[in-house]
Amino acid sequence: MKGFTSVYSDNYKGAKIATEHLLELDHKKIAYIHGEGNGFVEKERYAGFEDTMITNEMEIPEEYIQSGGYYSSDGGRRAMMKLLRLENPPTAVFVVGDEMAIGAIQAIKESGLKVPEDISIIGFDDIRLASYSEPPLTTIRQDKEKIGQTVALLIIESILNFGSLPTSNVVPVHLIKRETTNKLV
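Note that this is a predicted model, so its numbers are computed, not measured. Once a new chain begins, its residue numbering starts again from 1 and follows that chain's sequence as written. For a predicted model such as this one, the threshold for reporting local features is a pLDDT of at least 70, and the threshold for listing and counting side-chain atom pairs is 80 or more; totals across whole chains, interfaces and linings nevertheless cover every residue. With hydrogens and water excluded, all non-hydrogen atoms of the structure serve as input to the side-chain values.

Trainee: Before we move on, can you summarise the overall build of the protein with the specific residues and values?
Mentor: Counting its regular elements, the protein contains 5 helices and 8 strands. Helix and strand assignments follow DSSP, with helices taken as H or I runs no shorter than four residues and strands as E runs no shorter than two, numbered in order from the N terminus. Reading the protein from its N end, one meets helices and strands in the order β-α-β-α-β-α-β-α-β-β-α-β-β. In terms of overall size, the protein behaves like a compact globule, its C-alpha atoms giving a radius of gyration of 17 Å where 185 residues would be expected to give roughly 16 Å. Here the C-alpha coordinates of the protein stretch approximately 60 × 35 × 25 Å along the principal axes. When a residue's accessible area, from a 1.4 Å probe over protein chains only, is under 20% of the maximum for its type it is buried; when over 50% it is exposed; and in between it is partly exposed. Evaluated residue by residue, the protein yields a buried proportion of 44% over its 185 residues. When contacts within the protein are restricted to residue pairs at least 6 apart in sequence, those whose partners lie at least 24 apart make up 77%. Note that the radius of gyration is over C-alpha atoms, with the globule rule given as 2.2 Å times the number of residues to the power 0.38. The criterion used for residue contact is that any of the two residues' heavy atoms lie within 4.5 Å.

This is the structure in structure tokens:
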């Protein structure tokens, strides 16, 4: 982010990692459920997904891109229901927020299908509930502690060095493999 000091997770790299994970599991029909309301984060996550799909020569059908609204489980559930009604539904879904991913899992179960046997799901954030969902959610972990430490150090630095130039501080993210992704059979 330009013009001011910022600290944020590497959303682009996290989306690449998530998409690469699904591709490594032999999924080719990968859908994307996005949220609304955070333009920078959404752009970065979609760019990571899209670039990875294009690099791997995978199609991104327009109907595979669905909005989950404002990052709620109900929004994720509704978006997943739309994907399940498609003539050619996906075998895997990258959901850009864990709460929406939990809603997507609920929709899959309500439809009589199983996660990950029928459809793999990967989220983003690693919220506390991710490890308690049924099944536990594979996700991209943001290092919130590192973000907080970096912000604190930058505040102290700006007080000590009044008038310092703005900086962007990108915090790495990590894949947390749990039980919602599986090799395509």
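Trainee: Give a detailed account of the sheet that holds strand β8 (residues 173-176), specifying residues and quantitative values.
Mentor: The strand order β3-β2-β4-β5-β6-β8 describes an open sheet built from 6 strands, whose pairing is mixed. Both edges of this open sheet fall to β3 (65-67) and β8, since each of them pairs with a single strand only. Each strand of the sheet is rotated relative to its neighbour by a mean of 20 degrees, with strand direction disregarded. Two strands pair if DSSP finds at least two bridges between them. Bridging between strand β2 (residues 30-34) and strand β4 (residues 92-95) involves 4 bridges; their strand directions are parallel. Counterpart to A31 in the pairing with β4 is V93. Packed onto the sheet, helix α4 (residues 98-110) meets β2, β4, β5 (120-125) and β6 (138-142) and runs at close to 160 degrees relative to β5. Fitting a line to C-alpha atoms yields each axis, with helices limited to the stretch in contact; the angle taken between N-to-C directions then spans 0 to 180 degrees.

Trainee: Can you break down a nonpolar patch on the surface residue by residue, with the values?
Mentor: A contiguous nonpolar surface patch, about 500 Å² in accessible area, is contributed by V151, I155, I156, I159 and L160. Looking at the element boundaries, L160 is found in helix α5 (residues 144-160). The residues that make up patches have over 30% relative accessible area and no salt bridge, and they are joined within 9 Å when like-charged or within 5 Å when they are Val, Leu, Ile, Met, Phe, Trp or Tyr. Residue burial considers only the protein chains on display, and all accessible areas are found by Shrake-Rupley using a 1.4 Å probe. Whenever Lys or Arg places a side-chain nitrogen within 4 Å of a carboxyl oxygen from Asp or Glu, that contact is recorded as a salt bridge.

Trainee: Which residues make up unusual backbone geometry, and what values go with them?
Mentor: Here the amide bond leading from V115 into P116 is cis, since omega sits at 5 degrees, within 30 degrees of zero. One can find P116 in the loop between α4 and β5. For the bond from E134 to P135, the omega torsion is -5 degrees, close enough to zero to count as cis. In this structure, P135 sits in the loop between β5 and β6. Its identity is not glycine, yet D26 carries a phi of approximately 75 degrees, on the positive side. Along the chain, D26 turns up in the loop between α1 (11-24) and β2.

Worth remembering: the numbers are spatial, not functional.
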